[in-house]
Amino acid sequence: MADSNISAAKDVLGLSHLERCSTADLRKAYRSLARQYHPDKNSDGREVFERVQTAYELLSSIELDTSEKTLGNIILIVQTQIIVYRRFPQVVENQKYPCYTMLLDAMNLDDKSAEGRRLLQVGTQLLHHTCATSPFNTKELIKCQGVAKVSRLLLLAMGEMRANGGDPGHGRGELLAHVLNTCSSVALFPGGRDALRTIGSSFAECVTEVLTWRSAAPQPVEAAVELVAHCAAEGDLQNAFLHAGVLWKLLPMLMAYDSTLAEGEENLLGDVSGAR
């Protein structure tokens, strides 16, 4: 990280007088400036607000790399970012998420502790929401070679689901759904599909296997169906899924679909409107 970038970020937040910024210093400076220049309150403040946000994200990301930061604090930082991307996607949709490398490094797949597991959960959720918010983020994740880590997360999540007979309890289904949704966003782009293809046949086999849990784990199954659809845009991936038997898993789902249920809901809504 260039010292000039850190110095410039401190200047934006008015913290240049501090040799080292604590988390409290960063939050206090960010909140003060964000309230002052947020576009919803200051129509002329968008440019300054974006600089403030970029500076805060840069300096906050450095905190992730310091040895004194505990996993608990990293989890809080990640959870805060999830809130931003879930509640204010329109504010951040034109800005690239700058911390993928540090986030992926912090997510240790071999850490079996409760906090290590929690970081995997929230980190994967952040990957999902950042990629869903903006194509800039998806392209940045691909650029950072993040697909390789996501593929390892997929294998981990699948292993846990298999070991428990497809039971999504204890966060297993949520973890798998976020991984699949991240892959789905990646698969929207040619470069992303190329990266997914390099994982090998195990990728299509894993995603196809998810479809067998449609009764027990509907969230991962829904994400898997969308992922298959996005991957079908690329010939090699399409063939990989066909060889994995995806059609035999999708056809029963198609045959079980009852269009009259949707029609019934529309009629019910019409009756309610008429009654009013």
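Above: the structure in question.
Quick look at the structure, then. What you see is a predicted model, and the numbers here were worked out from it, not measured in a lab.

**Structural notes on a nonpolar patch on the surface**
A contiguous nonpolar patch, built from L242, L247, W248, L251 and L254 and spanning about 550 Å² of accessible area, is present on the exposed surface. Residue contributions to the nonpolar patch peak at four residues, all from helix α15 (residues 246–256). Along the chain, L251 falls in helix α15. What makes L251 partly exposed here is its relative accessible area of 38%.

**With respect to the packing of aromatic side chains**
Taken as a whole, this structure holds four aromatic pairs when the rule is applied. Aromatic pair F203 and F241: ring centres 5.9 Å apart, planes at 70°, arrangement edge-to-face. Of the two residues, F203 is situated in helix α12 (residues 201–210) and F241 in helix α14 (residues 235–243); the sequence distance between them amounts to 38 residues. In this structure F203 comes out as buried when scored by relative accessible area, which is 2%. The exposure class assigned to F241 is buried, which follows from its relative accessible area of 2%. An aromatic cluster of at least three residues, connected via ring pairs, comprises Y85, Y97 and Y100.

**Regarding the packing of helix α7 (residues 114–133) against helix α10 (residues 172–186)**
Following both chains from N to C, one finds α7 and α10 inclined at 30°, their axes separated by 8 Å at the closest point. The two elements α7 and α10 meet at a crossing, and its hand is left-handed. Contact residues: α7 offers R117, L120, Q121, T124, Q125, L127, H128, H129, C131 and A132, while α10 offers R172, E174, L175, H178, V179, N181, T182 and S185. Classifying every residue of the contact of α7 with α10 by side-chain character gives six nonpolar, nine polar and three charged.

The rules behind the values
- Residues numbered from 1 in each chain as written.
- Predicted model: local features only at pLDDT ≥ 70, side-chain atom pairs only at ≥ 80, totals over all residues.
- Heavy atoms only, no water.
- Patch = residues over 30% accessible without salt bridge, like charges linked within 9 Å, V, L, I, M, F, W, Y side chains within 5 Å.
- Areas by Shrake-Rupley, 256 points an atom, 1.4 Å probe, with all protein chains shown as cover.
- Salt bridge = Lys/Arg side-chain N within 4 Å of Asp/Glu carboxyl O.
- Helix = DSSP H or I, 4+ residues; strand = E, 2+ residues; numbered from the N terminus.
- Buried < 20%, exposed > 50% of the residue type's maximum accessible area, 1.4 Å probe, protein only.
- Phe/Tyr/Trp six-rings, centres within 6.5 Å; stacked < 30°, edge-to-face > 60°.
- Axes fitted to C-alpha atoms, helices over the stretch in contact; angles between N-to-C directions.
- Left-handed = near helix turned anticlockwise from the far one by under 90°.
- Contact = heavy atoms within 4.5 Å.
- Nonpolar A, V, L, I, M, F, W, Y, C, P; charged D, E, K, R; others polar.

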